[in-house]
Amino acid sequence: MGFIPFVGGMANAAAPTFEMLLSQLGESPHVKEVAFSEQQVVDHEVGLGAIQKVRGEWRFKDSERLTGTLISYTWQIVDGFTSAAVMDQLMGSVTKEKDATVLFECKGRACGKGVQWANRVFGEQVLYGREDLQQYRVYGALQAEKAYRVVGYSAARTADRQYLRVDLIRIDD
């Protein structure tokens, strides 16, 4: 499917905040919110590499630890759209922001085991899907002199069970 109307118009807004982008996506009739949380985190680990088993333990190939406010959304994508296409458009909006850079990205089996992303990383079984259809991206960005990380993970179980998880971390000074 091509253009996704509920995400495409957001990039045109005058200096949208990341929170506004996510809120607007959540208001779309083509997504159903599965989970939302906002919490203060200390030393929250963000993967900057594939998840892999090392000496019997699941770890990221590389990661960073951040302290700040973690805002997490999980959506089911409906009406025939794919989670990958929605993620591509949403993250395309993120890359248009000043100073937004890709810190890590992977697709398919290169990301590691989907069950580990779903259960260990995000703690949401609903995200477990086909490993060949998963994708994960991390962006670093500055917005209004505040540092952010935007983390996206898309998963697909079947054509009608498409999910998108986005974490927004406002990093404390």
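The structure reproduced in this document is the subject of the present report. (Residues numbered from 1 in each chain as written. Predicted model: local features only at pLDDT ≥ 70, side-chain atom pairs only at ≥ 80, totals over all residues. Heavy atoms only, no water.)

Remarks on helix α4 (residues 114-121)
Those residues of α4 not exposed but buried are Gly114, Gln116, Trp117 and Ala118. Tucked inside the fold, the buried residues of α4 contact β2 (51-54), β3 (57-60), β6 (135-143) and β7 (146-158). (Buried < 20%, exposed > 50% of the residue type's maximum accessible area, 1.4 Å probe, protein only. Helix = DSSP H or I, 4+ residues; strand = E, 2+ residues; numbered from the N terminus. Contact = heavy atoms within 4.5 Å.)

Focus on the sheet that holds strand β5 (residues 101-107)
What the six strands build is an open sheet, ordered β1-β4-β8-β7-β6-β5; its pairing is antiparallel. Unpaired on one side and paired on the other, β1 (31-47) and β5 mark the two borders of the sheet. With direction set aside, neighbouring strand axes in the sheet form an average angle of 15 degrees. For β7 and strand β8 (residues 161-171), the ladder comprises 10 bridges, and the chain directions are antiparallel. From the neighbouring strand, threonine 158 faces β8, where its bridge partner is arginine 161. (Pairing = 2+ DSSP bridges. Axes fitted to C-alpha atoms, helices over the stretch in contact; angles between N-to-C directions.)

Some details on the packing of helix α2 (residues 18-26) against helix α3 (residues 83-95)
At a minimum axis distance of 10 Å, the contact between α2 and α3 shows a crossing angle of 155 degrees. The angle between α2 and α3 places the two elements in the roughly antiparallel class. As α2 packs across α3, the resulting crossing turns out to be right-handed. Residues Phe18, Leu21, Leu22 and Leu25 of α2 touch α3, and the partners they reach there are Val86, Leu90, Ser93 and Val94. Considering only residue class, the contact of α2 with α3 consists of seven nonpolar, one polar and no charged. (Parallel < 35°, antiparallel > 145°, perpendicular 65-115°, else oblique. Left-handed = near helix turned anticlockwise from the far one by under 90°. Nonpolar A, V, L, I, M, F, W, Y, C, P; charged D, E, K, R; others polar.)

Structural notes on the packing of aromatic side chains
Any two aromatic rings considered together are summarised by their centre-to-centre distance and by the angle between their planes. Under the criterion given, the structure shown has eight aromatic pairs. Summarising the aromatic geometry, the rings of tyrosine 73 and tryptophan 75 are spaced 4.9 Å apart at their centres and angled 15 degrees between planes, so their arrangement reads as stacked. Summarising the burial analysis for this pair, tyrosine 73 and tryptophan 75 share the class buried. Considering the side-chain rings of tryptophan 117 and tyrosine 136, the 4.2 Å spacing of their centres and the 40 degrees angle between planes classify their relative orientation as tilted. In this pair, tryptophan 117 sits in helix α4 while tyrosine 136 sits in strand β6, placing the two residues 19 residues apart along the sequence. For the residue pair tryptophan 117 and tyrosine 136, the accessibility class agrees, reading buried in each case. Members of the aromatic cluster, connected to one another through ring pairs, are Phe60, Phe104, Trp117, Phe122, Tyr136 and Tyr153. (Phe/Tyr/Trp six-rings, centres within 6.5 Å; stacked < 30°, edge-to-face > 60°.)

Notes on the state of the cysteines
Taken as a whole, this structure holds one disulfide when the rule is applied. For cysteine 106, the disulfide goes to cysteine 111, at an S-S distance of 2.1 Å. Every disulfide takes its handedness from the sign of the S-S torsion; for cysteine 106 and cysteine 111 that torsion is 120 degrees, giving right-handed. On the accessibility criterion, cysteine 106 (8% relative accessible area) is buried. You can call cysteine 111 buried: its relative accessible area is 0%. (Disulfide = S-S within 2.5 Å.)

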